[in-house]
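Spelled out, the chains give:
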Amino acid sequence: MISGKLPKIFYGGDYNPEQWDESTHQEDLRMFKLAGIDIATINVFSWALNQPDEVTYHFEWLDQTINRLYNNGVYICLATSTAAHPSWMAKKYPDILRVDSDGRKRKFGGRQNSCPNSPTYRKYAERMARKLAERYKDHPAILVWHVSNEYGGECYCDGCAAAFRVWLKQRYGTLQKLNRVWNTAFWGHTFYDWDEIVPPSNLSEHWGDNKSNFQGISLDYSRFNSDSNLECYLLEYNAIKEIIPNSIITTNLMGFYKPLDYQKWAKYMDIVSWDSYPELTTPVSYTAMTHDLMRGLKDGDPFMLMEQTPSQQNWQPYNSLKRPGVMRLWSYQAVARGADTVMFFQLRRSVGACEKYHGAVIEHAGHENTRVFREVAELGRELNQLGDSLLDSRVESKVAIVFDWDNWWAIEKSSGPTIALKYVDEVHKYYAALFHRNIQVDLISVDADMSKYDIVIAPVLYMVKPGFADKLEQFVKSGGTFLTTFFSGIVNENDLVTLGGYPGELRSMLGIWVEEIDALFPDQQNHIVMKQQVGSLQGEYSCGLLCDLLHREGADVIAEYGDDFYQGMPVLTRNKFGNGEAWYVASSPEPSFLDGLLDYLCTNKGISPVLHTPKGVEVSQRTKNGTQFIFVMNHNISAEAVDLGDLNAYDLLAEEKLSGTIEIAGRGVRILAVASE
Amino acid sequence: MISGKLPKIFYGGDYNPEQWDESTHQEDLRMFKLAGIDIATINVFSWALNQPDEVTYHFEWLDQTINRLYNNGVYICLATSTAAHPSWMAKKYPDILRVDSDGRKRKFGGRQNSCPNSPTYRKYAERMARKLAERYKDHPAILVWHVSNEYGGECYCDGCAAAFRVWLKQRYGTLQKLNRVWNTAFWGHTFYDWDEIVPPSNLSEHWGDNKSNFQGISLDYSRFNSDSNLECYLLEYNAIKEIIPNSIITTNLMGFYKPLDYQKWAKYMDIVSWDSYPELTTPVSYTAMTHDLMRGLKDGDPFMLMEQTPSQQNWQPYNSLKRPGVMRLWSYQAVARGADTVMFFQLRRSVGACEKYHGAVIEHAGHENTRVFREVAELGRELNQLGDSLLDSRVESKVAIVFDWDNWWAIEKSSGPTIALKYVDEVHKYYAALFHRNIQVDLISVDADMSKYDIVIAPVLYMVKPGFADKLEQFVKSGGTFLTTFFSGIVNENDLVTLGGYPGELRSMLGIWVEEIDALFPDQQNHIVMKQQVGSLQGEYSCGLLCDLLHREGADVIAEYGDDFYQGMPVLTRNKFGNGEAWYVASSPEPSFLDGLLDYLCTNKGISPVLHTPKGVEVSQRTKNGTQFIFVMNHNISAEAVDLGDLNAYDLLAEEKLSGTIEIAGRGVRILAVASE
Amino acid sequence: MISGKLPKIFYGGDYNPEQWDESTHQEDLRMFKLAGIDIATINVFSWALNQPDEVTYHFEWLDQTINRLYNNGVYICLATSTAAHPSWMAKKYPDILRVDSDGRKRKFGGRQNSCPNSPTYRKYAERMARKLAERYKDHPAILVWHVSNEYGGECYCDGCAAAFRVWLKQRYGTLQKLNRVWNTAFWGHTFYDWDEIVPPSNLSEHWGDNKSNFQGISLDYSRFNSDSNLECYLLEYNAIKEIIPNSIITTNLMGFYKPLDYQKWAKYMDIVSWDSYPELTTPVSYTAMTHDLMRGLKDGDPFMLMEQTPSQQNWQPYNSLKRPGVMRLWSYQAVARGADTVMFFQLRRSVGACEKYHGAVIEHAGHENTRVFREVAELGRELNQLGDSLLDSRVESKVAIVFDWDNWWAIEKSSGPTIALKYVDEVHKYYAALFHRNIQVDLISVDADMSKYDIVIAPVLYMVKPGFADKLEQFVKSGGTFLTTFFSGIVNENDLVTLGGYPGELRSMLGIWVEEIDALFPDQQNHIVMKQQVGSLQGEYSCGLLCDLLHREGADVIAEYGDDFYQGMPVLTRNKFGNGEAWYVASSPEPSFLDGLLDYLCTNKGISPVLHTPKGVEVSQRTKNGTQFIFVMNHNISAEAVDLGDLNAYDLLAEEKLSGTIEIAGRGVRILAVASE
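- Looking at an unreviewed UniProt entry, one finds chain A named Beta-galactosidase and attributed to Paenibacillus sediminis.
- Word for word, the UniProt comment on chain A under Catalytic activity (unreviewed entry) is "Hydrolysis of terminal non-reducing beta-D-galactose residues in beta-D-galactosides."
- Listed under Sequence similarities (unreviewed entry) in UniProt, the entry text for chain A is "Belongs to the glycosyl hydrolase 42 family."

## As for the UniProt feature "domain: Beta-galactosidase C-terminal" (unreviewed entry) in chain A
- Within this numbering scheme, the UniProt entry marks residues 616–672 of chain A as carrying the feature "domain: Beta-galactosidase C-terminal" (unreviewed entry).
- The distance separating the terminal C-alpha atoms of residues 616–672 of chain A is 18 Å; by composition the span is 0% helix and 72% strand.

## Topic: empty space enclosed by the protein
- Computed from the structure, the largest cavity encloses a volume of approximately 150 Å³.
- Taken together, 18 residues line the largest cavity, and the ones lying closest to its centre are Arg-349 and Glu-363 of chain A together with Tyr-502, Glu-515 and Glu-516 of chain C.
- Looking at the lining of the largest cavity residue by residue, the classes come out as nine nonpolar, five polar and four charged.

## Observations concerning the relation of the copies chain A and chain B
- Screw-axis analysis of chain A against chain B gives a translation of 0.0 Å along the axis, an RMSD of 0.1 Å, and a rotation angle of 120 degrees. Both chain copies can therefore be described as sitting about a three-fold axis. Of every C-alpha in chain A, the one belonging to Arg-104 of chain A sits nearest the axis of rotation, 5.2 Å from it.

## Here's the deal with the packing of aromatic side chains
- Here the structure, examined in full by the defined rule, presents 129 aromatic pairs over all chains.
- Where Tyr-462 of chain A meets Tyr-357 of chain B, the ring centres are 6.5 Å apart and the plane angle is 55 degrees; that geometry is what we call tilted. Here Tyr-462 of chain A is found in the loop between β14 (455–458) and α15 (468–477), whereas its partner Tyr-357 of chain B is found in the loop between β11 (339–344) and α12 (371–386) on a different chain.
- Residue Tyr-357 of chain B is classed as buried on the basis of its relative accessible area of 4%.
- With a centroid separation of 6.3 Å and 25 degrees between ring planes, the pair formed by Phe-164 of chain B and Trp-167 of chain B is classed as stacked. Placement of the pair is Phe-164 of chain B and Trp-167 of chain B together in helix α6 (residues 158–172), with a separation of three residues, close to one helical turn. Side by side, Phe-164 of chain B and Trp-167 of chain B carry an identical accessibility label, which is buried.
- An aromatic cluster of at least three residues, connected via ring pairs, comprises Phe-108 of chain A together with Tyr-156, Phe-164, Trp-167, Trp-182, Phe-191, Tyr-221 and Phe-224 of chain C.
- The cationic tip of Lys-131 of chain B hangs over the ring face of Tyr-57 of chain B; the distance from NZ or CZ to the ring centre is 4.5 Å.

## Focus: the pattern of salt bridges
Residue and element names in this part refer to chain A.
- In the structure shown here, the tally under the stated rule is 126 salt bridges over all chains.
- The partner of Arg-622 in a salt bridge is Asp-340, and the shortest N-O contact between them spans 2.8 Å. You can see Arg-622 sitting in strand β23 (residues 617–624) and its partner Asp-340 sitting in strand β11 (residues 339–344), a full 282 residues away along the chain. Here Arg-622 matches Asp-340 in class, with each residue buried.
- Glu-375 is the partner of Arg-371 in a salt bridge, and the nearest nitrogen-oxygen pair spans 3.0 Å. You can see Arg-371 and its partner Glu-375 sitting in helix α12 (residues 371–386), four residues apart, about one turn around the helix.
- On the basis of relative accessible area, Arg-371 is assigned to the buried category, the value being 12%.
- Each of Arg-171, Asp-220, Arg-223, Asp-404, Asp-406 and Lys-465 takes part in one network of salt bridges that share partners.

Analysis parameters
Residues numbered from 1 in each chain as written. Chains lettered and ligands numbered in written order. Predicted model: local features only at pLDDT ≥ 70, side-chain atom pairs only at ≥ 80, totals over all residues. Heavy atoms only, no water. UniProt positions renumbered as here; feature names shortened; annotations may be inferred. Helix = DSSP H or I, 4+ residues; strand = E, 2+ residues; numbered from the N terminus. 1 Å grid on protein atoms, 1.4 Å probe; cavity = no way out; pocket = protein on both sides within 12 Å on 5 of 7 lines; lining within 4 Å. Points joined across faces, edges and corners; volume = space filled by probe spheres on them. Nonpolar A, V, L, I, M, F, W, Y, C, P; charged D, E, K, R; others polar. Least-squares fit on C-alpha atoms with pLDDT ≥ 70 in both. Phe/Tyr/Trp six-rings, centres within 6.5 Å; stacked < 30°, edge-to-face > 60°. Buried < 20%, exposed > 50% of the residue type's maximum accessible area, 1.4 Å probe, protein only. Lys NZ or Arg CZ within 6 Å of the ring centre and 35° of its normal. Salt bridge = Lys/Arg side-chain N within 4 Å of Asp/Glu carboxyl O.

In structure tokens form, the structure reads like this:
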């Protein structure tokens, strides 16, 4: 989609020539060539440079930069520069500064620092996007438009309060309805006038770590805040589209970033792009899951890896170096899971300010004789070699995991039953079990089409949005396998409990009734005792966090609790429903249990791994025009052997034919092209 | 006292019909009957409903609710609805909103959210109480009036600052006196004008975790804040009493709640009521101690258990379920220690907002077929069976522990000698030693009559209020046994040190001089080496926290330190004084030491346990009209045997005669009626 | 220098007679005589007493106090009383109150509570100093002037913001230069008007624990804040000097106190004084290092030990007593390292407010029969006995450690590579290795004359100020041994990176190039593998924190990394440069490595310990007029033997001749006078 101009995986990253002088610019070009760089993201933080006062705009430097790069084979990812407002603007129009949850008005500083409902911000940001679009609408260098940068954060100012009330009126129409869905009869919080409503904050309804007295209010504020930022994005997006209808526009996302509902945002993005910053200690399965989430935002369309560090970060507590080979390995991991670009933050390290200790293609040493540059250049060479072979290929999965931002917000704003419940961690447990057996997974929203999947897993489906229970029932009736867990089916989209017995709307499909929910202390556990062997599962497994105390209402009891007063109650159930099955896991199990359970479910559905590999060797597959591209990625330090079975493959990197048992070097990558049968 | 209308232990709890529709109200009545519910606390958070604007009042819903309940056999605990102000009031009169210790003006939200010195709050709260009293003064359903709800928190607004100055003028008369008692010559803080005084806060004299530069100022602010809230309570109390002189009025307390001096409050309450929320991990001795504290607030009068959860809470980190039988067991524990009601928060679980995960008699499932409801109904049946047999019976004790709110505040505001000293924890150590041997204890204030006790224990009697040392001397001279500990006798009621040598006013009675006080690190300890055997105490015991370095001045040295440079100094002393003895424990010992010491002291005074029981089996006794009611409560999971000795008893629950060795089921309760000899 | 009036080590401390009545004053005099007290610091916190309103000044009490003390043999250290403003001033002139980094305006309370740029504060503080100087300019009692007290903290008010802009204009002249040195092109923070600049705070550029988005801005604010406080000091200093040109003026410092650049301050102090408050767990080497830092502030001139506690503190978490003998031991430690006074906070314990649990010469008991008083009096006797023998003697060192406040600020504001890097801790590692072998060390600034040293050590010389690299090269070329560590030579005085390869300006002298910097997690380590034996160093040693990945450029590789992908890279290098050597330690090693390395370096330079002593026995030497005074201080509880070799010494305390192997009691001190050869 973005490959029209140059049929290959674009390679490059963030570039800030405005921090450097002319001679450095020339040296940059030389280095870019050595590294195989063909795309640069520019103008990300140049608002103050572009617009030194209210009426003056200077784009000459940008003209020169774009031309200089383009004339040297580097395409442009053009940012709109609105991610940090100029200091003069903050001084003249304080409405642009945010107010935090403690009611503190911010002063000029930082980035992503503008109130999303500030009239000043919206006016000048939109104007900037429009001016850029007008100026560069015909420039052949521009590959993609990059609106602002890493939108995020919250504001609680009076302007946001006013906008929140408007948003609420549009959503609920009447105060009567609002009072009902927020259950304001509780604690006598009934509102008689829209103006009585204030943003939920540390000064009103919030306490502790993200807890709220009124989950309904807080949930709506999270939605409103995400929407407010989205409106800012759309002002710029529409301004550009109006002038350049065929432009490709994105903004860089941040994976599992809680404040913004990316599933909603992605509807308004032409291509998804995101910034991947795993730590040394981040499980590779977690990074893989995040790529899959990002890919799922636009139904599997390839995405841009917009940022990653070539070597180290600066904002972590302990900024470890990426070990030799790891940058390449993780770059291919992104590609294996749907990325069609490989891009870095940053091309040249700053000389001052906080990111001067963030890794870069061109380090402070300034020359090409560094480990980091050598690795970058080698990867650049490979990407040239790969050409367009992988572009636009798709990752195909028969298993989906449901992920929902509203559910995330609602679960973690809940006061009770436990502070230890973290939605993403529970999702990751299920993801990891599939990842470790090389089963391809899509992370999908509740709006996604589920008909193409054989198995749908929705860990902690606490909130069931309107129509979703029906959709799930339809899926199962049609033969699908559905699995959900403890603390599911509890509330509707307003965090109001579905009365009559948990899991509410999911109850008949699951064939169970959850009577009580026990919260375990961190050092407590219960056990899952298998009543029948399913697949490799037999004997006992530990579980903890929450334990639903449930009764079967038609479901088969596959395992029971082993301890405490609810010993003998069901902990794992399966309900035949139509042509399919609905499974319930009533507690949070140890990994080996999930390994066995998901193995069993997949086997039953005839879903087999792409390849069987040793521990630490990841496999992901993209498909295009009848060819499968199997990425085999060895996260171990030492070489591993992988049996290809009866596959006849061609390694696109090593440029050799392979079959039988192959070796893959420590931290090595093989991309095997296999013709579909 | 509250049993005039229905001669039994009232059973019920908080009920919020304003959150529900008519059909639910009818279902509630059915369920209440099944559960044996005969009292409902209503109107707790209905201010906004009752008063939708400045001039309008609606009580029709309340009329209907009261009548509906009363017509179905449910009496009313009528709250005044002033525990959370309406949102329109916050918008129109911002003086009602609090300012916190960081100077942040709160916005509308939460509960107990009104500035206690707000003219708006005081005017409308008093008016609401008056209107309710006028409307319901003759209604036969009303059993008790419940002013506001769980008073608490602090405010630091300018209105409070002004009121604080008035309070100080009344207390001290002149700035000269105020400067003296606050020792403002220190750090040159001399005040020359009352208006120079500001509330001590995080913006002025406070730092760290509740530490102050000027303990005298901070102590007075704690008193002032407690008094300010008390004034709010009294405005409502007096309004009701004026209209209904024979009404019974309470407000629900919260046990060891630091911000309010409940011993002062209780003087203005017709009956004490409180909300008991132990965690799964709270020692049962701690809950028992809290009941004893609450009972002691009005010299042993029975109290109301106003709230407890039937199953779980929502605001703890890990909200465990109460195990089967535990709700019943803990309910009887309250009764055993003086409660004449058993009441829950809440009768029906909310559908939304933060308490929707707080347990209730009627759960979200909505029907009677739940474990929780069955346990509630079974207890309801038993309470009916018990009738009025226990009502107004008294707990009689020969041992008292002194507890004093001013002392609590002063100890924990102290800068030095250690942050690890927690007053309630030290009190609990002594309480637990008595509890585990089934010795009945009263928790008394420094104003209480001590003549009825044989033993008085005052752990960490840091502050000695005017006249209290004389009173203690009188007690000991008359033959009493007194015991106090390290860090006692240090200051007067203004936190000014009593000069001339610690423990100040207690020195001659104790026959010791404390020269220095050493603070131990958490991983450090010293030892108590017995110089003579007393009771079962011999050999060595560990101690820590603080070690007083003391010299005998007439006292007998019973034990010495075993380590460090003060090895050989006295650590346990006994001073014969008049006809009694005064003991001093110079450090914080391990529990086994206190077990032995208190056993010895009780034995010496002829105080014997109610019964000897196995570990985990609690005993408490109430007495009425020559009958003793011995509650035997087994906190263990498995059954235990208890030897009744030569008692002939009748089990009021099992309705059987018992003697010899009896069995008590795991988590079981027996109430044994025994005629006094 | 301060001994003109009474030729001995002055002995006394802080005294607050304004907190006490006349009879106590008389008792104080009696006690002072018993203790040998001959100096009292008074008027520290008497501003409100001295100036009860805007126009009135009362000094009669001060006249009386000074005369009473002087007539009883006690000299005066006269404070100016400006360390805490009067409450009336805060009320009338709120500009005197500070604003914190969170934007919160403080209210009246605490001490060191004045905004350093407040016009009110500056006017009245300067006026107070002037009035005091005029009044007491001829009083023979005044020994030294003590301006304010423990200057410290920060302010972020609008007044400071305005002053900061003035300070910046003076420093940088143009916004162009300012934008360049702050690298404001990063994140588009370019300033177009001075008024756009706001203090960097938690509301603008700061986050986490002292991290900044713009190190350059934050560094300048630290400098500005230190300078603002210094200006306040100088206003008072100059007012006094104008009236009493030959006065001796100081202000009491606090050792390694980060907010104030004491090396700059000391230029404006006639004598350095400081307050020493080690905890029970503070390594004695750390206290020694702090004394050496304070001594180094004025090129080795003797300093005043202005405050220490006789027994315990009140503001630590666990305020342990100083064990018997420790107060004396630590007093002599101060003297051994350059102190010419021994003074306490405080002479009499307060009766109220937070310091009432801080130890004092006169305890709450009020009499002389306490352990603390006896120890104080015994030391008083000894100091009389010592007379002027030690006064004005000097500590002479051949080894210097560079310490620089700007470097401290810059390192710890850095975002990356690790939050675990603490400058003082790294300095202390090197200091401790020298301390434990009784090698005398000076802590010097980058401005110091290095020509008198044989070895200069600069741990983590992250910032290289203009000219300092040249100076170091000159030092090495002339035969000196220089050692620095990982993360050195990175930035200039504005925290801008020296491009072209680390360690920047130090690169040629060190003969290495550092390519990358790896940050290790706290539980990670690498190893130093010796490639050749140097001194006692052989085999392997652990290291961690940061690991520089470096290449030799002429240096000899003495040791290599033992692990990870940079196994085999140099970790310890030595470069011959001119007549000297420059060493580089590329990671943070375990202590035994530094013991061996520094032993080797000293031995090579012919620097030998003052004495060889058992572990825990500290030695320091002062020299005067050809006599060496060797302090032997046993920090162990039990006695130790020390071999004097061929020294013939005279013990000034025991008043005996000593030679051969001598015994030194547990926590004992010997001061050996030895005639130089």
